[in-house]
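# Reading the structure
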Amino acid sequence: MLEQALRDGFSGDILFDAASRGRYSTDASFYQIMPAGVAAPRTAEDIQVALAAARAAGVPVTGRGGGTSQCGQTVNSGLILDNSRHFNGILEIDVENRRCVVEPGVVLDELNRALKPHGLWFPVDVSTASRATIGGMAANNSCGGRSLRYGTMRDNVLSIDAILADGTAAHFGPVSRDGLRGNDSFARTAADMLALGDAHADLIEARFPKLTRRVGGYNLDALTPAHALPNLAHLLVGSEGTLAYFTAIELRLWPLVGEKQLGICHFPTFYQAMDATQHLVALNPLSVELVDATMIGLSRQIPLFRPTIERAVRGEPAALLLVEFDEGSAEANAARLSALEDRMAELGFDWAHEGRGWGGVVPVTDQRLQAQIAEVRKSGLNIMMSMKQEGKPVSFVEDCAVDLPHLADYTAGLTEIFEKHGTRGTWYAHASVGCLHVRPVLNLKLDTDVKKMRAIAEEAFDLVARYKGSHSGEHGDGIVRSEFHDRMFGTEITTAFLKVKDSFDPGRLLNPGKIVEAPRMDDRTLFRYPPDYSVAPLKTAFDWSAYPGAGGGFQGAVEMCNNNGACRKLAGGAMCPSYRATRNERDVTRGRANTLRLALSGQLGQDALTSDAMMETLSLCVSCKACKRECPTGVDMAKMKIEVLAARAQKTGLSLHQRLVAHMPDYAPVASRLSWAMNLRNRLPVLARLMEGPTGFAASRPLPHWSSNPFRDDEAQDADPDVILFADIFNRYFEPENLRAAVRVLRAGGARVAVASDGQRRPLDSGRTYLATGLVDRARATGRRLLDALLPHVEAGRTIVGLEPSCLLTLRDEIPALIPGEAADRVAERAKMLEEFIAEATDAGTLALPLGPVPEGILLHGHCHQKAHDVMPAIQRTLALLPDTEVRTIESSCCGMAGSFGYARQTEKVSREMGELSLFPAVRKAAPGTYVVADGTSCRHQIADGTAREAIHVARLLDMALAKEGAA
């Protein structure tokens, strides 16, 4: 009934299949409730249609943005409306009056990118800014790291347009107490609310915590006579979608922050850091953020963050306070930083001291390093969740706030509570406003730990009440904290909260169970891991032993996704390219991980792991491995996809298209001898169209050109070599000139080169094409043959050098996971991309390339696997060897070709859309003579197809630079 009603007049997406509903059944909390359906509205009219359909069907409606709520605000049993996909426009930017109007689905970072050219920004800078939507932030009354200066969402929302539960469209903004007119539902509700504020003014004054960070319950304090011109929008802020459905939000804007200075205060004990906070805040900083020793240690284990920690942290502090200043000028900032150092000295801290007196300030003036440090802090939750164990830091008392003079004693008291219950907490976040995110480590699959959680919550909230603090300081109430309002506010106030809900939503249409009439927070039937949760044994291809659970740890690896949604960012880094093109929850790492978890645990039906729905979920995953590096919890979806493809291949076999991809190494030698025939398809469009159906290759795409003169192993077999060249099948058969150029470059630098070979007629291969299609047994056999050929060279101290990132880096990733053992580990350690070898050997003084300049300039595009394995700095260092040469790196995600992905009929269109996001525009803007460098075979083909510009391998560029030097 609901689905059919939606299809009459709703212009957005309508999703009622089990997999789609499952993807929206959870958020960043530990709750999971399967919704009746999901829809993504395009317009306010769509929302009217959805509300009417839900009213008729008796189904509740819950709005959703980025789905990053940590308290269960965006899960419910009814209809979920995803604002983020389509309902995300910026309606107005009023620069002169520093205001803007946006639809609720606009992402904060996207808004700030639009505001930046005008010298403005919206400063409620939550850590999830890359995916948090303005609607969700307003619904939660979000705060961010700089609320000390800018306040909360409530302080920065000017007005809200919304639809009431009965369908009435209303404007919520400042109102005159005696100016309300009319008898419609909005006028009656507004009058009721002002009367409620008047009646409870004294009680509100007595019971509401006097803190910036008080976001629990409804904002009744906005309705009291203390406000001559009350703003009714402030009642909606923090209401978690329970009172009205937002359609437009008017925001207050601020001038952009200038260049900041950061002082990293080091402390020998956690208590001393907390006690010092009140004294550091007196210096009027922009923010003071906490990072504890646990977070520092976990960050050091994450490749993306390790270099930042090494540069920013001195010694082994128990806690850091990141103190940020923005005083408008470098001189004023420097004075504040000096004052910070003086204040730390006054508090008794000095680098020369030992024990409780050790500490001081590490100043950070470099803006890029400041941004990197901020990224570590913003990733606090994900970093904490990177623990590879069943127990994880759990959000339920993570949001309490107390006045700064009580902060040290409060944190000490809460630590004692954790220890009493046999657990520990991890601490970070907003020390400046007394709101620290702390999560005790618990395993919510165990009833004993759920009972611990309940006991800790009750004792923690009693402790907060003792200090007259707030139990809900930033993340909202949701399911996890709503039931405790009576304990925190008293019965009269919570009765008033209920009157608010009754007035706005008597039929309980809008997100019921939040703020009022909430279920118990420890009701396990509402958990992501309910009492009957289990995963059946399964056989897997890779070694997942670093994780717990079924499938040799595969279950635990999938469950590492905590739904915080870092993969939903739309710019910066490479994750997640398919989501950036489609903005579909199905096509993001989080959506795929949730689908995998539900399938593994039997919640999507029998054989769901190998079902068509699972194949559709993974169909746009380009195996870029960006999530392997950029997801702070390390979800490696590329490797997980291979597991699914292997299970599917075993069950159904391969299509002709998949077989043509998989077995390319088998037929390549013959194909190269018949290159004239193999290349005929590219010259005859009619042949491409005829072949599209049976082969699955898009007729609009030219396939890679088979060389009639492929690279041979005997082209480089120097005596007593120090470099072993791994000639991959792609460069060998399609672009052999790259391998020949690499040999010339290596020899020019003084290296002796031999091509890797085991003496067989068929060349060595990485197994990449077999992995891409799920033929893991063939990939394992191919990998073992490669290891057998390379290991003697490694034992002789030689370096393995390769040109194609997807092939060479298989030696460092999939092959050790397929064939775990000392041999694979030793070869992985010695396997280097060409640019890695050149950079390292040049630094060591064992290689000297006589390079000339490339005055035309270079535009560099990094292959996804180069980024995932942190190889990009090496290619940048190598290109820096070119004298008088400008090198610019394109800030891009995956090019979109991704092996055979861009050639396939079903995915060719999305492939081009990925290229258009950033890569193609950057190449088109480059001057005609600029060299475009891309090491990936598929990247070069995508650039050629999408821009009509040739891209070359770095080996060819260096070879040309050698020739220029020789000519000089």
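Residues numbered from 1 in each chain as written. Predicted model: local features only at pLDDT ≥ 70, side-chain atom pairs only at ≥ 80, totals over all residues. Heavy atoms only, no water.

## Some thoughts on the domain arrangement of the protein
Many authors give the size of an interface as the accessible area that is lost as the parts come together. Under the domain assignment used here, the protein contains domain 1 (1-85), domain 2 (90-255), domain 3 (263-473), domain 4 (554-652) and domain 5 (713-961). Each of domain 1 and domain 5 was reduced to a C-alpha centroid, and the two centroids are 45 Å apart. (Domains from an automatic or database assignment.)

## Describing the sheet that holds strand β1 (residues 13-15)
In spatial order, the strands read β1-β2-β4-β3; together these 4 strands make up an open sheet with mixed pairing. The open sheet is flanked by β1 and β3 (61-64), the only strands paired with a single partner. Ignoring which end each strand starts from, the neighbouring axes of this sheet average 20° apart. (Pairing = 2+ DSSP bridges. Helix = DSSP H or I, 4+ residues; strand = E, 2+ residues; numbered from the N terminus. Axes fitted to C-alpha atoms, helices over the stretch in contact; angles between N-to-C directions.)

## Here's the deal with a nonpolar patch on the surface
The grouping of V670, L674, W676 and M678 at the surface amounts to a nonpolar patch, some 410 Å² of accessible area in total. With respect to the helices and strands, the residue V670 is situated in helix α29 (residues 664-673). For V670, a relative accessible area of 43% puts it in the partly exposed group. (Patch = residues over 30% accessible without salt bridge, like charges linked within 9 Å, V, L, I, M, F, W, Y side chains within 5 Å. Areas by Shrake-Rupley, 256 points an atom, 1.4 Å probe, with all protein chains shown as cover. Salt bridge = Lys/Arg side-chain N within 4 Å of Asp/Glu carboxyl O. Buried < 20%, exposed > 50% of the residue type's maximum accessible area, 1.4 Å probe, protein only.)

## Some details on the side chain of D765
You can see D765 is positioned in the loop between β20 (753-755) and α35 (768-773). One buried charged residue, D765, forms no salt bridge at all, with the nearest opposite charge on R762 at 4.7 Å. Sequence-distant contacts of D765, defined by excluding residues within four places in its chain, comprise P665, F726, I729, Y770, T782 and L786. (Lys, Arg positive; Asp, Glu negative; His and termini not counted. Contact = heavy atoms within 4.5 Å.)

## Focus on the packing of aromatic side chains
If you walk through the whole model with that rule in mind, you get 21 aromatic pairs. The interplanar angle of 80° and the centroid separation of 5.0 Å between the aromatic rings of F172 and F186 together place this pair among those described as edge-to-face. Of the two residues, F172 sits in strand β9 (residues 169-172) while F186 sits in helix α8 (residues 185-199), which places them 14 residues apart along the sequence. An identical accessibility class is assigned to F172 and F186; each is buried. With centroids separated by 6.4 Å and ring planes inclined at 85°, the aromatic side chains of F542 and W544 adopt a geometry described as edge-to-face. With relative accessibility at 5%, the residue F542 sits in the buried group. (Phe/Tyr/Trp six-rings, centres within 6.5 Å; stacked < 30°, edge-to-face > 60°.)

## As for the nonpolar core
In terms of nonpolar packing, the biggest core is built from 112 residues, with F122, I134, L321 and F396 touching the most fellow members. At 8 residues, helix α18 (residues 447-466) tops the list of elements feeding residues into this core. Apart from residues lying up to four places away in sequence, I134 is in contact with V102, P104, V106, L108, L111, F122, M153, I249 and L251. The next biggest cluster of nonpolar side chains, apart from the first, holds 92 residues, and it includes A593, L596, A649 and A831. (Core = buried A, V, L, I, M, F, W, Y, C linked by side-chain atoms within 4.5 Å.)

## As for the pattern of salt bridges
Taken as a whole, this structure holds 71 salt bridges when the rule is applied. Across the salt bridge formed by R99 and E92, the nearest N and O atoms sit 2.8 Å from each other. It is possible to trace a salt-bridge network through shared partners that takes in K625, K628, D636, K639, R768, D813 and E814.

## Focus on helix α17 (residues 407-420)
With 14 residues, α17 should cover 20 Å at 1.5 Å per step; its first-to-last C-alpha distance of 20 Å lies within 8% of that length. Buried residues in α17 make contact with α11 (270-281), β17 (425-430), β18 (435-442) and α18. In the stretch just after α17, G422 is the one whose phi turns positive, near 70°. (Expected span 1.5 Å × (residues − 1).)

## Re the side chain of H657
If you trace the backbone, H657 turns up in helix α28 (residues 656-662). According to the relative accessible area criterion, H657 is buried, its value standing at 15%.

## A short note on the pairing of strand β8 (residues 157-163)
Of all the 7 residues making up β8, 5 are buried; the element is thus mostly covered by neighbouring parts of the structure. Relative to strand β10 (residues 245-252), β8 runs antiparallel, the two sharing 6 bridges. Bridge pairing in β10 places A162 opposite F246. As paired strands, β8 and β9 are joined by 4 bridges and run antiparallel to one another. By the bridge assignment, I163 is partnered in β9 with A169.

## What to know about the sheet that holds strand β6 (residues 99-102)
If you trace the 5 strands from one edge of the open sheet to the other, you get β5-β6-β10-β8-β9, paired in antiparallel fashion. The open sheet terminates on both sides in strands that have one partner only, identified here as β5 (90-94) and β9. Neighbour to neighbour, the strand axes of the sheet diverge by 10° on average, direction disregarded. The pairing of β5 with β6 spans 4 bridges and is classified as antiparallel. Residue I93 lies in a different strand from β6, and its bridge partner there is C100. Its contacts with the sheet put helix α3 (residues 44-57) on β8, β9 and β10, and the angle it makes with β10 is roughly 145°.

## Considering the packing of α17 against α18
Look at α17 against α18: their axes get within 10 Å of each other, and the N-to-C directions meet at 160°. Considered as vectors, α17 and α18 are oriented roughly antiparallel to each other. α18 is crossed by α17, and the crossing has right-handed handedness. Every residue of α18 that contacts α17 at Y410, G413, L414, I417, F418 and K420 is listed here: I456, E459, A460, L463 and V464. (Parallel < 35°, antiparallel > 145°, perpendicular 65-115°, else oblique. Left-handed = near helix turned anticlockwise from the far one by under 90°.)

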